[in-house]
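Reading the structure
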Amino acid sequence: MKTYDKLIFELSKPGRKGYDLPKDNFATDGMKEIPATLLREKAPELPEVTELDVVRHYTNLSNKNFGVDTGYYPLGSCTMKYNPKINEEVSAMPQFAALHPLQDASTVQGALELYYNLQQALANISGLAEFTLNPYAGAHGELTGLMVMRSYHMSRGDNKRTKVIVPNTAHGTNPASAMVAGLEVVEVKSKPNGSIDVEDLKPLLDDTVAGIMMTNPNTVGMFETEILEIAKLVHEAGGLLYYDGANLNPLLGKVRPGDMGFDIMHINLHKTFSTPHGGGGPGSGPVGVAEHLRGFLPNPHVRKNEKGEFYVDFGKDSLGSISTFLGNFGVMMRAYAYILSLGKENIRNVGPMATLNANYIKESLKDDYLLPIDGVCKHEFVFDGLKDKSTGVTTLNVAKRLLDYGFHAPTIYFPLLFHESMMIEPTETESKETLDEFIEVLHKIAKEAREIPEEVKNAPLTTIVRKLDETGAAKNPILTYRALKESVEG
Ligand SMILES: *Cc1c(COP(=O)(O)O)cnc(C)c1O
């Protein structure tokens with residue numbers, strides 16, 4: 001077997017060809033028209049392979065990937081739900097996919113209508129006045145939303161509001177976005193049940209506070225029942241409420257962030273509204289605002305005139321542009337197809353089913369795994385590692401062992417509230433049989449931890465690559481064939 005380290009990609013044989021350019025189109029005469037300075041001196045170093053070699057290479061690579069379409073993916077906070085294939089068909093339609101972003105609005109009315117309708121649908125679902133679809137991801141939405149927050153305070157001459165309150169259970173992007181937006185992060189503590197400690201919040205609320213960032217349900221999967229009280233306190237202090245919409249899934253069609261008192265929010269279309277993600281993209285993080293913040297949204301907007309025509313508008317008080325053109329249109333199309341195929345009636349079934357699945361797993365496993373926060377959760381929950389810690393088997397070991405059994409690992413070591421966090425989010429799209437299999441495997445791993453702990457600590461044993469040097473991969477990434485070759489040949 002060729003090992004991964006020894007150039008698994010080396011398929012090239014000198015002189016082998018997959019394709020010949022038609023000679024007529026590139027007659028030698030034509031070549032003379034290219035200035036000599038622009039001609040290559042040496043042939044490019046491309047692999048010389050047949051078409052079949054290329055097909056097999058990429059097909060085999062794709063089989064080494066894990067995705068929702070190949071197996072169960074209980075990654076907490078990420079809402080890895082199934083993306084119905086009709087969404088892919090719709091987004092691939094050439095009537096949409098082949099448009100050019102510089103086309104005149106009169107020639108792309110259908111695309112603009114879709115964009116406009118999606119803005120409206122998200123506003124209805126979230127209880128906010130207006131949405132922009134421009135941001136490329138949740139984190140980008142956070143940055144955009146915080147820029148809206150800052151623009152709002154500055155437009156009122158309230159320049160000393162530079163602090164953003166973030167709970168200690170927050171996703172890492174929250175404080176990071178606040179820093180990038182030029183704001184200062186102040187942490188608010190959580191109570192033992194994972195909810196924001198209102199008594200800890202009160203003294204933080206003064207005239208330097210720009211706002212608070214929250215997600216509800218929070219990252220331990222619990223609904224913040226004191227949200228109306230929190231909204232009242234923050235508003236009375238002159239601050240705004242930002243809703244991290246990554247956990248919107250359990251509330252779809254049931255409860256709206258706008259009604260809870262939030263002024264600004266983002267939605268991760270690539271989580272809540274299906275559309276595939278993982279591996280870094282593509283995503284879409286629409287941002288919605290309450291009535292009094294409409295003018296601050298970034299440019300451009302898609303609007304409708306009295307004649308029913310759609311047009312691209314540039315508002316003068318806007319904070320400027322935060323993306324090229326209108327954002328990631330393909331992701332929006334998938335989300336729109338998803339919303340329409342569920343409809344108003346069925347979208348309200350998503351949350352209860354996701355919630356039922358999460359509680360089923362939680363209750364089935366709490367004899368073997370430590371449940372730090374008891375009670376009914378929403379769409380996800382957190383275990384604090386194995387109950388029996390005497391074997392030395394950690395959450396990392398359990399996560400890696402799951403790979404041996406063909407499951408993706410849950411989110412681990414987040415939230416930071418616990419030392420051995422395992423965050424599990426089943427989503428609504430899994431059958432009871434799949435959940436039962438997952439539960440059985442996690443019980444089995446707990447048993448192995450007691451009986452053969454060394455085997456669990458050495459996991460994964462059956463995957464294509466074993467334990468990876470994740471820090472090394474982040475610090476010295478090898479992203480091209482040439483770099484791999486150089487790293488092996490030295
Ligand atoms: C995923 C996530 C984000 C960031 O969203 P991206 O689309 O990955 O940038 C923020 N907050 C929470 C709670 C998340 O789960």
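See above for the structure.
The structure reproduced in this document is the subject of the present report. (Residues numbered from 1 in each chain as written. Predicted model: local features only at pLDDT ≥ 70, side-chain atom pairs only at ≥ 80, totals over all residues. Heavy atoms only, no water.)

Right, let's talk about the overall build of the protein for a bit. Helix and strand counts for the protein stand at 17 helices and 12 strands. Relative to the globule expectation of 23 Å for 490 residues, the C-alpha radius of gyration of the protein, 26 Å, shows essentially globular dimensions. Considering only C-alpha atoms, the protein reaches an extent of 75 × 70 × 45 Å along its principal axes. Taken over 490 residues, the protein has a buried fraction of 46%. When the 50 basic and 63 acidic side-chain charges of the protein are each reduced to a single mean position, those positions are 2 Å apart. (Helix = DSSP H or I, 4+ residues; strand = E, 2+ residues; numbered from the N terminus. Rg over C-alpha atoms; globule rule 2.2 N^0.38 Å. Buried < 20%, exposed > 50% of the residue type's maximum accessible area, 1.4 Å probe, protein only. Lys, Arg positive; Asp, Glu negative; His and termini not counted. Charge placed at Lys NZ, Arg CZ, Asp CG, Glu CD.)

This part covers the site of the ligand. S77, A137, G138, A139, E142, H171, T173, D244, A246, N268, H270 and K271 make up every residue found near the ligand. At a separation of 2.6 Å, an oxygen atom of the ligand approaches a polar side-chain atom of S77. In the environment of the ligand, an oxygen atom lies 2.9 Å from a nitrogen or oxygen atom belonging to the side chain of K271. Isolated, the ligand exposes 380 Å² of accessible area, and the fraction of that covered by the protein chains is 87%. No other element matches helix α6 (residues 138–155), which puts 3 residues into the shell around the ligand. Among the residues making up the shell around the ligand, the classes are represented as 3 nonpolar, 6 polar and 3 charged. (Near = heavy atom within 4 Å. Polar contact = N/O pair within 3.5 Å; in protein donor to acceptor, adjacent residues only side chain to side chain. Areas by Shrake-Rupley, 256 points an atom, 1.4 Å probe, with all protein chains shown as cover. Nonpolar A, V, L, I, M, F, W, Y, C, P; charged D, E, K, R; others polar.)

The end-to-end C-alpha distance of helix α14 (residues 432–451), which contains 20 residues, comes to 28 Å, matching closely the 28 Å that a straight helix rising 1.5 Å per residue would cover. Along α14, the positions that sit buried rather than exposed are T434, L435, F438, I439, V441, L442, I445, A446, E448 and A449. Buried residues belonging to α14 abut α12 (329–365), α13 (395–404), β12 (421–424) and α15 (453–457). (Expected span 1.5 Å × (residues − 1). Contact = heavy atoms within 4.5 Å.)

Let us look at the side chain of S421. Topologically, S421 is positioned in strand β12. For S421, a relative accessible area of 0% corresponds to the buried category. Within the local environment of S421, its side chain forms a polar contact with the backbone oxygen of P415, the two atoms lying 2.7 Å apart. Sequence-distant contacts of S421, that is, excluding residues within four places in its chain, are made with V382, F383, D384, T395, T411, I412, Y413, F414 and P415.

Right, let's get into the pattern of salt bridges. Applying the stated criterion to the full structure yields 24 salt bridges. Of the charged contacts, one joins D20 and K17 as a salt bridge, the two residues approaching to 3.4 Å between their closest N and O atoms. Classification of D20 by relative accessible area gives partly exposed; the value is 48%. Given the relative accessible area of 56%, K17 is considered exposed. Between K85 and D69 there is a salt bridge, and its shortest N-O distance comes to 3.0 Å. Of the two residues, K85 is situated in helix α3 (residues 85–92) and D69 in the loop between α2 (51–63) and α3; the sequence distance between them amounts to 16 residues. On the basis of relative accessibility, which here comes to 35%, the residue K85 falls in the partly exposed class. For D69, a relative accessible area of 54% puts it in the exposed group. Connected through salt bridges with shared partners, the residues E130, E291, R294, R303 and D313 form a single ionic network. (Salt bridge = Lys/Arg side-chain N within 4 Å of Asp/Glu carboxyl O.)

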